[in-house]
Amino acid sequence: MALLASPPRRQSAGVFTRSFAEIEEPFEAVEAALLGPPPTWLTDADGEQASEPHVGLGHIDVHIGAAGLTKTVRLSLGKPNRQPTKTSIPVAWSATGPSALFPQLAGALEVARLGPRQTLLALLVEYQPPFGRLGEILDEALLHRIAWATLSDFRDRVATSLAGLAHATSSPSNSGAGS
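This text gives an overview of the structure that appears in the document. Fair warning: this is a prediction, and the values are worked out from it, not measured in the lab. (Residues numbered from 1 in each chain as written. Predicted model: local features only at pLDDT ≥ 70, side-chain atom pairs only at ≥ 80, totals over all residues. Heavy atoms only, no water.)

### Let's talk about the pairing of strand β5 (residues 86-95)
Looking along a regular strand, one sees side chains alternate from face to face of the sheet.
At step 1: In terms of residue burial, β5 counts as a mostly covered element, since seven of its ten residues are buried.
At step 2: Taken together, the five bridges between strand β3 (residues 69-77) and β5 define a ladder with antiparallel strand orientation. Paired with S76 across the strands is A92, a residue of β5.
At step 3: The pairing of strand β4 (residues 81-82) with β5 spans two bridges and is antiparallel. Within β5, the residue paired with R82 across the bridge is T87.
At step 4: In sequence, β4 turns back onto β5 through a hairpin of three residues. (Buried < 20%, exposed > 50% of the residue type's maximum accessible area, 1.4 Å probe, protein only. Helix = DSSP H or I, 4+ residues; strand = E, 2+ residues; numbered from the N terminus. Pairing = 2+ DSSP bridges.)

### Points about the pattern of salt bridges
At step 1: Overall, the coordinates contain six salt bridges when judged by the stated rule.
At step 2: Here E31 ties to R82 by a salt bridge, and the two come within 3.1 Å at their closest N and O atoms. Pair noted here: E31 is in helix α1 (residues 27-35) and R82 is in strand β4, with a separation of 51 residues, a long-range link.
At step 3: Between E110 and K86 there is a salt bridge whose closest N-O contact spans 3.8 Å. You can see E110 sitting in strand β6 (residues 105-115) and its partner K86 sitting in strand β5, a full 24 residues away along the chain.
At step 4: Looking at K86, the relative accessible area reads 30%, which means it is partly exposed. (Salt bridge = Lys/Arg side-chain N within 4 Å of Asp/Glu carboxyl O.)

### Concerning the pairing of β6
At step 1: Bridge count for β5 against β6 is eight bridges, and the pairing is antiparallel. Residue pairing in the sheet places T87 in a bridge with V111 of β6.
At step 2: Note: β6 against strand β7 (residues 118-127), ten bridges, orientation antiparallel. Looking at β7, one finds that G107 is bridged to V125.
At step 3: The loop that links β6 with its antiparallel partner β7 comprises two residues.

### Examining the packing of aromatic side chains
At step 1: According to the stated counting rule, one finds one aromatic pair in the structure shown.
At step 2: Relative to F154, the ring of W93 lies with its centre 5.2 Å away and its plane at 85 degrees, an arrangement referred to as edge-to-face. A residue pair is termed long-range when its members are at least 10 positions apart, and W93 in strand β5 and F154 in helix α3 (residues 132-170) qualify at 61 residues. (Phe/Tyr/Trp six-rings, centres within 6.5 Å; stacked < 30°, edge-to-face > 60°.)

### Section: the environment of A33
At step 1: With respect to the helices, strands and loops of the structure, A33 is situated in helix α1.
At step 2: Along the primary structure A33 and L162 are separated by 129 residues, whereas in three dimensions their C-alpha atoms are 5.9 Å apart.
At step 3: Beyond its immediate stretch of four places on either side in the chain, A33 contacts T40, W41, L162, L165 and A166. (Contact = heavy atoms within 4.5 Å.)

### As for the nonpolar core
At step 1: Ranked by internal contacts, the top residues of the largest apolar core, which has 29 residues, are W41, L121 and L162.
At step 2: Counting residues per element, the ones that place at least two in this core are β1 (15-23), α1, β3, β5, β6, β7 and α3.
At step 3: Examining the composition of this core, we find that seven residues originate from one element, α3, more than from any other. (Core = buried A, V, L, I, M, F, W, Y, C linked by side-chain atoms within 4.5 Å.)

Set out below in structure tokens:
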């Protein structure tokens, strides 16, 4: 019987999380808003437009869990992938400044047709908890809840912005009909 010199190394798996919101506006209007310039739908935690909000990369402040704290993250948006009933934009973010406590996130921001006047907004991300195995244990115990709350707050702000923009473009008063 042969003995292994050391046990096989366990590869650390990333953590997947998702957050959804329903927008009571037609898919086409929500998609058009999402495909517009990010400054129109991307806001900081305080509701202000994101700083440096040019296409592809910007900095935004996000709420960290429910504690009322904020952290500036570097946000990267990829090229949209459009399909007949959904559109997805790759998204990644990493903390600025001291960032060892904050995982880097990568995933997608997606809008999908849910009904004739309903659109589903989904934020689907994966991250690697910091600090190796200790970070995994902390993530399982608490940190995943903070990550989910942070992502949900971001998703809610995007959903509110997209809904407002979509409503403004799909509203009958803006259809060009004269009064």
